[in-house]
Amino acid sequence: MTAFEEELHAVEKKVSAQLSDGRFQHCLRVSDYARKLAQENGVDENQAALAGLVHDYAKERPAEDFLAAIDRFHLDPDLKNWSRAIWHGVVGAEMIQDELGIDDPAILDAVRLHTTGDGVEMPTLAKIVFMADYLETGRDFPGVKEAREITDKSLDRGVFYQLQHTLSFLAENGNVIYPKTFTSYNDWARRFAE
């Protein structure tokens, strides 16, 4: 077993202890899919696998934990107006660094951005985790096959596809939409409109 495999196994145990089995299995599939996308896009596979594994580390925490963490880590107080859907990425990255000792800025950014996306300058590792979370092999929603095909051809087009469909889904269901998600979509729409 390599040093990285040992590290990954140790992190798997810690992630598993924080999550239901279903959520943990999702994290394992995202880790695998992130590794695949990393191979296709010239990114360090181990870094992608670790980022995929930890992306939902904080997903099942109680709201009180997130609210306390927003204060403790001096994050934007507006975050308190949102929910676990946003918190587990933006605030979860701080929990991952604090509790798991993962301090790789690229991994932490990928976790922060996996719920909101980012503009066209989004780091490649963040794009990979964003898409791996959306496309992992357990996902079965209308358009997932098309999304996988698009992403296999172009990671950037995959990101734009996901942003389009996520915004549409949220709007159709009358959900509030986090401002960064709108900003991300607009940036990508401008790029592909040119």
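Residues numbered from 1 in each chain as written. Predicted model: local features only at pLDDT ≥ 70, side-chain atom pairs only at ≥ 80, totals over all residues. Heavy atoms only, no water.

## Side note on the overall build of the protein
Secondary structure summary: the protein contains 11 helices and 0 strands in total. Across the protein, helices and strands are ordered from the amino to the carboxyl terminus as α-α-α-α-α-α-α-α-α-α-α. For 194 residues, the compact-globule formula gives about 16 Å, and the C-alpha radius of gyration of the protein, at 16 Å, lands near that figure. Each principal axis of the C-alpha atoms in the protein carries an extent, and together these give about 45 × 40 × 30 Å. Counting only residues that meet the buried cut, the protein has 44% of its 194 residues in that class. A sequence separation of at least 24 residues applies to 62% of the contacts in the protein between residues at least 6 apart. (Helix = DSSP H or I, 4+ residues; strand = E, 2+ residues; numbered from the N terminus. Rg over C-alpha atoms; globule rule 2.2 N^0.38 Å. Buried < 20%, exposed > 50% of the residue type's maximum accessible area, 1.4 Å probe, protein only. Contact = heavy atoms within 4.5 Å.)

## Overview of helix α7 (residues 105-113)
Among the residues of α7, Ile107, Leu108, Ala110, Val111 and Leu113 are the ones counted as buried. Each element contacted by the buried residues of α7 is listed here: α3 (45-54), α5 (84-90), α6 (92-100), α8 (124-135) and α11 (179-193). Of the residues that open α7, the one with a side-chain oxygen 2.9 Å from the backbone nitrogen of Ala106 is Asp104. (Polar contact = N/O pair within 3.5 Å; in protein donor to acceptor, adjacent residues only side chain to side chain.)

## Here we look at the packing of aromatic side chains
Within this structure, the stated rule accounts for 6 aromatic pairs. Here Trp82 and Tyr178 contribute two aromatic rings whose centre-to-centre distance is 5.0 Å and whose plane-to-plane angle is 90°, an arrangement assigned as edge-to-face. Of this pair, Trp82 sits in the loop between α4 (63-72) and α5 while Tyr178 sits in the loop between α10 (155-172) and α11, and the two are 96 residues apart along the sequence. Each member of the pair, Trp82 as well as Tyr178, is classed as buried. A centroid spacing of 4.9 Å and a plane angle of 45° characterise the contact between Tyr134 and Phe141, whose relative ring orientation is tilted. (Phe/Tyr/Trp six-rings, centres within 6.5 Å; stacked < 30°, edge-to-face > 60°.)

## What about the side chain of Glu94?
Along the chain, Glu94 turns up in helix α6. Residue Glu94 is classed as buried on the basis of its relative accessible area, which comes to 14%. If we ignore the near neighbours within four places in the chain, the residues touching Glu94 are Phe73, Leu75 and Arg112.

## A few points about the environment of Ala132
Tracing the backbone shows Ala132 in helix α8. A relative accessible area of 0% places Ala132 in the buried class. For Ala132 and Glu149, which are 17 residues apart along the polypeptide, the C-alpha to C-alpha distance reads 13 Å. Setting aside residues no more than four positions away along its own chain, Ala132 makes contact with Val30, Tyr33, Ala34 and Leu37.

## Looking at the side chain of Asp56
Mapped onto the elements of the fold, Asp56 is located in the loop between α3 and α4. You can call Asp56 buried: its relative accessible area is 1%. Within the structure, Asp56 has its side chain in polar contact with the side chain of His114 (distance 3.2 Å). Setting aside residues no more than four positions away along its own chain, Asp56 makes contact with Leu19, Arg23, His26, Cys27, His88 and His114.

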